[in-house]
Amino acid sequence: MSRGQLRPIGRRVSFAFAMACMAMPACAWGTDDSTDGATDNSNMGHTDVSTDAIQTTDGVSATESAALELDLNADVTLRIGNGTDVDWSVAIVESTMKRFTPSQLGGWGYTQGLYLWGQYLVYQRTHEPRYLSYIRSWADRFVDSNGHIDHSFNNLDSMESGNVLLALYAETKQIKYKTAATQIRNRLKTYPRTQDGGFWHATSRQHQLWSDGVFMVNPFLARYGKSIGEAAYANDEVTKQLLVYANHLQVQNGLLKHAYDESRTQSWADPETGRSAEHWCRAIGWYGMATIDVLEILPLTHPNRAKLLSVLEKLVAGFKTYQDPATGRWFQVVDKGNLSDNWTETSCSAMYTYTISRAVERGYIDPSYRTVSTKGYQGVLARVSNGSDGLTNVSEICIGTNVGDLAFYLARPRKMNDLHGLGAVLIMNEQLARTGG
C-alpha cells in the first residue's frame, strides 16, 4: 500500500460519549514545571487502587444517562504513516504502556491528562479494554471512594486532567468521577481573575495570563457543562476566557504571544502592552486546540461564536505563514525560522496540524488550508519511528517551559517521548487518520 492511502480498520465503530466533542475520535485537544510553567503539584500523596473490574454505580439520572450514552456511528479509516502498514496511535499507546505502569506515568498533572486523553481517543476507536483500564488505574490513584481529590487546584494546569474524570464518568457511570470533576468546577467560583475576568495562570502567577492556560481549563469546563450541568454558564465562561486571552495576546500576524502581565511588573512584560516578547510555539498550540474543542460543544447560536471563529481564522492564517516549507513543521520560536539555532518542534506541529485539519473539516476556514495540515501531518510523522527495542519513539519534543526571552526558548532541552508530544501526536493522528488531511 502506498503512502497516503487509507486502510480500513475493520467494522463500523460506535462511539459513546457525553459531548459532541468527545464523541469524535479527535477531540482534545494542554504544559511542565506545570503549564509549561506554574507550580507543579503532581507529587501529592496518593494510594493505588485496584481496578480489576469496572463497576457501575447506581444514582445516574435518566437525563445524565441519556447524555452519557449518546451514540454516534462513524466509518473510521487509518492513514498509513511513514509508508508502512502501521497504526501509529496504537503503536504509541502500546509502547507507552510498556514503558510505564499507571503508577509510573506520573502524578496528577496536565501532561498526564493530555497523554491519557489521547489514549482515550484511541480507546474510543479501537475499543481495546486495556487502554481504558490503564486510564482508570491512573485516575484511581488520586480519586478516593467519595470522589475527593487531595489537591488545592491553585493553577490552571492542575485542572486539565479533569477531562480524564469526565471520560471515566461517561464510560463507567461511577459517581465518584462526577464528584471529582465537580470539585474542579467549584474551584473556579473563587479562582482569581484579571480585572476583565481572565483566569490567572496560577495563584502564584498573579495578574498573568498565559496562552497555555486556556487549554488547561476551557475544554474541561465546556465538556463539564455539556455532560454534567451548568451548560449556559460553561459556554459563556469558556468563550469569555478565550476572547479575553486573545484580546491581550493575539497580534497582527495572527499568532499569540506567550504571556500577558496585567500589572506590568514581570521582567518579561512590555511596559505598554504587558505582553512577553516571543511567539513560543506550544503556547500557541494550546490556544488553537482549546478553541477548536470549545467550538465542538458551543451552540451554533451562541453570541460569542462568530468572534471565536474570527480569532481562529486569524490564527490559522498565521500558522500557514510560518510553516516551514522544508519539513511542514513549525519552529520553536514560530516567526524566527531564519535563525540558525531555531528548530522545528514536534508537539506544537502536531497541535497546529490538528487545529487546521478540524477547522477545515468543520468549514471554519477555506478548504485550501487542507494542504497545510497534510504537510504538517507528514512532517510530524517523520518524527515518529520504531526503535531497536521494538517500541515507538517520538522525537524533538520541548520539555515544559516558563516565560522567557528568545535565547531561553531556543535553548530549551528536547526530549524523546515527552508526554507533551505523545499526547499531541495521538490527538493529531486520530484526527488526520480519520479525515486524511
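The structure this text deals with has already been given above.
Since the model is a prediction, treat every value here as computed from it, not as a measurement. Along each chain, the written sequence defines residue order, and numbers are assigned to residues from 1. pLDDT decides what is reported in this predicted model: residues at 70 or higher carry local features, side-chain atom pairs at 80 or more are listed and counted, and totals for whole chains, interfaces and linings draw on all residues regardless. Calculation of side-chain values draws on the structure's entire complement of heavy atoms; hydrogens and water are dropped beforehand.

Colleague: For this particular structure, what's the right way to read helix 12 (residues 346-362)?
Modeller: For helices the rule is a DSSP run of H or I covering at least 4 residues; for strands it is a run of E covering at least 2, with both sets numbered from the N terminus onward. To estimate how far a helix should reach, multiply one less than its number of residues by 1.5 Å. Its 17 residues place the ends of helix 12 24 Å apart at the C-alpha level, agreeing with the 24 Å of an ideal helix rising 1.5 Å per residue. Within two residues after helix 12, Gly 363 carries a phi angle of roughly 80°, on the positive side.

Colleague: Would you explain the packing of helix 9 (residues 231-249) against helix 10 (residues 281-297) in this entry?
Modeller: Axis definition: a line fitted to C-alpha atoms, over the contacting stretch in the case of helices. Angles run 0 to 180 degrees between N-to-C directions. Orientation of helix 9 relative to helix 10, taken along the N-to-C sense of each, is 150°, at an axis distance of 11 Å. Between helix 9 and helix 10, the angle is such that the two are roughly antiparallel. Pair helix 9 / helix 10 crosses with left-handed handedness. For the pair formed by helix 9 and helix 10, the contact residues are Asn 235, Val 238, Leu 242, Leu 243, Tyr 245 and Ala 246 on the first element and Tyr 287, Ala 290, Thr 291, Val 294 and Ile 297 on the second. Any residue that is not Ala, Val, Leu, Ile, Met, Phe, Trp, Tyr, Cys, Pro, Asp, Glu, Lys or Arg is counted as polar, Gly included; the first ten are nonpolar and the last four charged. Along the lines of polarity and charge, the residues of the contact of helix 9 with helix 10 split into 9 nonpolar, 2 polar and no charged. Every angle not falling under 35 degrees, over 145, or within 65 to 115 is termed oblique; those three ranges are roughly parallel, roughly antiparallel and roughly perpendicular. With the far helix as reference, a near helix turned anticlockwise by less than a right angle produces a left-handed crossing, and one turned clockwise produces a right-handed crossing. Should any heavy atoms of two residues lie within 4.5 Å, those residues are considered in contact.

Colleague: Sorry, what's going on with the environment of Trp 343 here?
Modeller: Of note, Trp 343 is situated in the loop between strand 7 (330-331) and strand 8 (344-345). Only protein chains enter the accessibility calculation, which uses a 1.4 Å probe. A residue is then buried if its area is under 20% of the maximum for its type, exposed if over 50%, and partly exposed in between. Since its relative accessible area comes to 4%, Trp 343 is described here as buried. Linking Trp 343 and Glu 396, residues 53 residues apart in sequence, is a C-alpha distance of 8.9 Å. Not counting the four nearest positions on each side in its chain, Trp 343 is found in contact with Trp 330, Phe 331, Gln 332, Glu 396, Cys 398, Tyr 409, Leu 410, Arg 412 and Arg 414. Side-chain polar atoms of Trp 343 contact the backbone oxygen of Leu 410, separated by 3.2 Å. Here a polar contact means two N or O atoms within 3.5 Å. Within protein one must be a hydrogen donor candidate and the other an acceptor candidate, and residues neighboring in sequence count only if both atoms are side-chain atoms.

Colleague: What is the right way to read the state of the cysteines from this model?
Modeller: Joining two cysteines, a disulfide is a covalent bond between their sulfur atoms. Note on terminology: pairs of cysteine sulfur atoms within 2.5 Å are recorded as disulfides. In total, this model carries 0 disulfides according to the counting rule given. In this structure Cys 398 is a free cysteine whose sulfur lies 6.6 Å from that of Cys 281, the closest cysteine sulfur available. Cys 398 gets classed as buried once you look at its relative accessible area, which sits at 0%.

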